[in-house]
Amino acid sequence: MIRWLACFLILLPAAQAQAHPHVFVDTALRVEIDEAGRATGIEVSWSYDDFFTLLIFEDMGLDPDGDAELTEAELAALQGFDLDNWPEDFEGDLYVYAGEQKLALGTPEPRGVRVENGRIVSAHYRPLPEPPAADGLRILQYDPTYYVAYEVTRGVELPAPCRAEVTKPDLDAAAEAMKQELATVPEDAFEVMEVGDLYADRVAISCDPSS
């Protein structure tokens with residue numbers, strides 16, 4: 001996601017570290033599938049929480065009247081705000097697996113931004129350079145550091161005969177795993193714990209055989 005979010009992150013001693021997100025994003029996914037049943041890319045839509053939206057407006061000098069309605073010029077300035085300056089090792093908080101193999105995703109392509117119900121909603125597209133069979137794909141949306149909490153609450157769109165099942169994380173199991181991880185770190189150490197996958201929604205795609 002936005003790498004400059006890291007400037008808001010305060011590193012705590014490991015003994016104080018907790019899985020506590022600061023930005024909340026409702027995600028929608030649209031999986032493109034070709035006639036051969038291969039997934040060719042994924043459109044990702046992020047709806048940011050109200051408070052983070054306000055921070056972005058203030059940081060960029062947008063919406064000075066506070067009505068959460070942007071002018072055409074302000075929307076133009078906002079375009080691509082969360083795609084700028086992605087470092088080479090940033091995976092976009094989107095992970096796609098065929099079996100146990102993690103698939104490479106292409107460079108993000110902006111697909112527009114708008115403000116809806118006082119929240120920034122942005123979209124981008126990630127191509128799959130080597131399209132895999134859609135059947136059996138798994139998609140995870142998470143920030144490894146869990147600074148950003150994603151939930152796939154806005155649906156997964158894909159063409160028939162394929163369908164998607166979203167499985168929510170086991171929060172009790174995640175808390176126990178977090179506790180065990182903390183126990184391995186010295187109390188005076190500073191640690192950015194990568195536990196976001198424990199809290200990730202998991203999307204499983206299945207496709208019926210074509211008739």
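Just above sits the structure.
All residue numbers here refer to positions counted from 1 along the written sequence of the relevant chain. Per-residue local features of the predicted model are confined to residues with pLDDT of at least 70, and side-chain atom pairs are confined, for both listing and counting, to 80 or more; whole-chain, interface and lining totals are unaffected and use all residues. Excluded from the side-chain calculations are hydrogens and water; all other atoms, namely the structure's heavy atoms, are used.

**Looking at the state of the cysteines**
Then comes step 1: Whenever a pair of cysteine sulfur atoms sits within 2.5 Å, that pair is classed as a disulfide. What the rule picks out here adds up to one disulfide.
Then comes step 2: Paired by a disulfide, Cys162 and Cys207 hold their sulfur atoms 2.0 Å apart. Between Cys162 and Cys207, the S-S torsion sits near 105°, and that sign places the bridge as right-handed. With Cys162 in strand S10 (residues 162-167) and Cys207 in strand S11 (residues 201-207), the pair connects residues that are 45 residues apart, well separated along the chain. Secondary structure elements are taken from DSSP: a helix is a run of H or I of four residues or more, a strand is a run of E of two residues or more, and numbering for both begins at the N terminus.

**Notes on the pairing of strand S3 (residues 94-98)**
Then comes step 1: Of all five residues making up S3, four are buried, and the element is well covered by its neighbours.
Then comes step 2: A pair of strands is treated as paired once DSSP finds two or more bridges between them. With five bridges connecting them, S3 and strand S7 (residues 137-141) associate as antiparallel partners. Residue pairing across strands places Val96 opposite Ile139, the latter belonging to S7.
Then comes step 3: Inspection of the sheet shows S3 paired to strand S4 (residues 101-102) by two bridges, in the antiparallel sense. Considered in S4, the bridge of Tyr97 is made with Lys102. We call a residue buried when its accessible area falls under 20% of the maximum for its residue type, exposed when it is over 50%, and partly exposed in between, using a 1.4 Å probe and counting protein chains only.

**Digging into the environment of Ser47**
Then comes step 1: The residue Ser47 is located in strand S2 (residues 39-48) in this model.
Then comes step 2: What makes Ser47 buried here is its relative accessible area of 8%.
Then comes step 3: Remark: the alpha-carbon pair of Ser47 and Val121, spanning 74 residues in sequence, is separated by 4.3 Å.
Then comes step 4: Should any heavy atoms of two residues lie within 4.5 Å, those residues are considered in contact. Setting aside anything within four residues of it in sequence, one finds Ser47 in contact with Phe24, Val25, Asp26, Arg119, Ile120, Val121 and Arg154.

**Some details on helix H1 (residues 50-60)**
Then comes step 1: For H1, the complete set of buried residues consists of Phe52, Thr53, Ile56 and Phe57. End-on, the buried residues of H1 take up no more than an arc of 145°, which puts them together on one face. Exposed and facing more than 90 degrees away from the buried side of H1 are Phe51, Glu58 and Asp59.
Then comes step 2: In this structure, the buried residues of H1 make contact with strand S1 (23-33), S2, helix H2 (72-78), strand S5 (109-116) and strand S6 (119-127).
Then comes step 3: Its side-chain oxygen 3.0 Å from the backbone nitrogen of Phe51, Asp49 forms the N-cap of H1.
Then comes step 4: One or two residues past the end of H1 sits Gly61, with phi positive at roughly 70°. Summarising the geometry, the arc corresponds to the directions from the helix axis toward the C-beta atoms. The definition of a polar contact used here is a pair of N or O atoms within 3.5 Å, where within protein one atom must be able to donate a hydrogen and the other to accept one, and adjacent residues in sequence count solely through side-chain atom pairs.

**As for the packing of aromatic side chains**
Then comes step 1: By convention, a stacked pair of Phe, Tyr or Trp rings (six-membered ring in the case of Trp) has centres within 6.5 Å and planes under 30 degrees apart, an edge-to-face pair has planes over 60 apart, and any other such pair is tilted. Enumeration according to the criterion identifies seven aromatic pairs in this entry.
Then comes step 2: Here the aromatic rings of Trp46 and Tyr48 are separated by 6.4 Å at their centres, their planes lie at 75°, and the arrangement is edge-to-face. Neither residue differs from the other here; Trp46 and Tyr48 are each classed as buried.
Then comes step 3: When the ring of Trp46 is compared with that of Tyr150, the centres are 5.7 Å apart and the planes differ by 45°; the resulting orientation is tilted. Highlighted residues: Trp46 in strand S2 and Tyr150 in strand S8 (residues 148-151), separated in sequence by 104 residues. By the burial criterion, Trp46 is buried, and Tyr150 matches it.
Then comes step 4: Cluster of aromatic residues (ring-pair linked, three or more members): Trp46, Tyr48, Phe52, Phe81 and Tyr150.

**Comments concerning the pattern of salt bridges**
Then comes step 1: Between Lys or Arg on one side and Asp or Glu on the other, a salt bridge is scored when a side-chain nitrogen of the former is within 4 Å of a carboxyl oxygen of the latter. Per the counting criterion, the structure on display carries ten salt bridges.
Then comes step 2: For Glu43, the salt bridge goes to Arg111, with nearest N and O atoms at 2.9 Å. One end of the pair, Glu43, is in strand S2; the other, Arg111, is in strand S5, and 68 residues separate them in sequence.
Then comes step 3: A relative accessible area of 38% means that Arg111 is categorised as partly exposed.
Then comes step 4: We note a salt bridge from Arg114 to Glu116, for which the minimum N-O separation is 3.0 Å.
Then comes step 5: Residues participating in the shared-partner salt-bridge network are Arg30, Glu32, Glu43 and Arg111.

**Examining the side chain of Glu43**
Then comes step 1: Among the polar contacts made by the side chain of Glu43, one reaches the side chain of Arg111 at a distance of 2.9 Å.
Then comes step 2: Those residues within four positions of Glu43 in sequence are excluded, and the remaining contacts are Ala28, Leu29, Arg30, Arg111, His124 and Tyr125.

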